[in-house]
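Topology and contacts: notes
Below, each chain spelled out in residue letters.
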Amino acid sequence: VDSLDGAPGVYSARYSNDWESLPGESVDKRNMRKLLFELRDVPQARRSCRFVSCMVAVHPDGRELVVRGTWEGRILEEPLGENGFGYDPVFLDPELGLTAAEMSPEEKMSRSHRAKALRELLRLWPSFWEGYLRKRA
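Residues numbered from 1 in each chain as written. Predicted model: local features only at pLDDT ≥ 70, side-chain atom pairs only at ≥ 80, totals over all residues. Heavy atoms only, no water.

It is worth spelling out a nonpolar patch on the surface at this point. A cluster of nonpolar side chains, V56, V58 and V66, forms an exposed patch at the surface whose accessible area comes to about 270 Å². Turning to its location among the elements, V56 is positioned in strand β1 (residues 48-58). (Patch = residues over 30% accessible without salt bridge, like charges linked within 9 Å, V, L, I, M, F, W, Y side chains within 5 Å. Areas by Shrake-Rupley, 256 points an atom, 1.4 Å probe, with all protein chains shown as cover. Salt bridge = Lys/Arg side-chain N within 4 Å of Asp/Glu carboxyl O. Helix = DSSP H or I, 4+ residues; strand = E, 2+ residues; numbered from the N terminus.)

Take the pattern of salt bridges next. Taken as a whole and assessed by the stated rule, the structure comprises nine salt bridges. In this structure, E95 engages R111 in a salt bridge whose closest nitrogen and oxygen atoms are separated by 3.4 Å. With E95 in the loop between β3 (91-93) and β4 (98-99) and R111 in helix α2 (residues 105-111), this pair connects stretches of sequence that are 16 residues apart. Looking at E95, the relative accessible area reads 63%, which means it is exposed. Overall, R111 belongs to the buried group, its relative accessible area being 16%. Ionic pairing is found between E120 and R123, a salt bridge with its closest N-O pair at 2.8 Å. With E120 and R123 both in helix α3 (residues 113-136) and three residues apart, the pair spans about one turn of that helix. Owing to a relative accessible area of 24%, E120 belongs among the partly exposed residues under this scheme. Connected through shared salt-bridge partners, D2, R50 and E72 make up one network. (Buried < 20%, exposed > 50% of the residue type's maximum accessible area, 1.4 Å probe, protein only.)

One open sheet accounts for four strands, arranged β1-β2-β3-β4; its pairing is antiparallel. Whereas interior strands pair on both sides, the edge strands pair on one side only; in this sheet they are β1 and β4. In this sheet, β4 lies alongside β3 in antiparallel orientation, the contact comprising two bridges. Counterpart to D93 in the pairing with β4 is L98. (Pairing = 2+ DSSP bridges.)

In this section: the packing of aromatic side chains. All told, the structure shown has six aromatic pairs when counted by the stated rule. Members of the aromatic cluster, each reached through a chain of ring pairs, are F51, W71 and F91. Residue placement shows K34 over the ring face of Y15; its charged tip is 4.5 Å from the ring centre. Above the ring of F37, the side-chain terminus of R40 is found at 3.9 Å from the ring centroid. (Phe/Tyr/Trp six-rings, centres within 6.5 Å; stacked < 30°, edge-to-face > 60°. Lys NZ or Arg CZ within 6 Å of the ring centre and 35° of its normal.)

A word on the nonpolar core. With 17 residues, the main nonpolar core has V1, L35, L39, I75, Y87 and V90 as its most contacted residues. Contributing elements (two or more residues each) for this core: α1 (27-38), β1 and β2 (64-75). Discounting residues that sit within four places of it in the chain, V1 has contacts with G6, A7, P8, L35, L39, S48, C49 and I75. Formed by six residues, the second largest nonpolar core is a distinct cluster that contains A57, V67, A117 and L121. (Core = buried A, V, L, I, M, F, W, Y, C linked by side-chain atoms within 4.5 Å. Contact = heavy atoms within 4.5 Å.)

Below, the discussion takes up α1. Taking 1.5 Å of rise per residue, the twelve residues of α1 would be expected to cover 16 Å, and the 16 Å separating its terminal C-alpha atoms lies within 8% of that figure. Within the span of α1, buried status applies to R30, N31, M32, K34, L35 and L36. Tucked into the core, α1 has its buried residues touching β2. (Expected span 1.5 Å × (residues − 1).)

Tracing the chain through its elements places L80 in the loop between β2 and β3. Here the alpha-carbon distance between L80 and F91, two residues eleven residues apart in the chain, equals 8.9 Å. With residues near it in sequence (within four places) discarded, L80 still touches P89, T99, A101 and E102.

The structure is reproduced here in structure tokens:
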């Protein structure tokens, strides 16, 4: 989240570990509650954010193939939708006008950071693997 200097970032799964859970509250809901609290005075225009996924393949010889997928969005003021997990109910995809939790699995797969990273990994994989096979021959 840009207005939070990149928080929760790599700590997103344990962002609210310093907060007490409400009765029956899941970790995902507690994380969203903390995020929305931290953004309580931030106007919608300054709630830009992104999901980021990095994937790495490593040759036995140590060479690496590193890819990254990003999904740009905005954090809403309250959750919408029932699908997905984590921050999906507060993550708005401005292009579709839906939260990640409102999307069908097909819509989400076409937009998500994980899908983008995996597509890039698969695109680059043949030449990466061929290089390994050539070195072994």
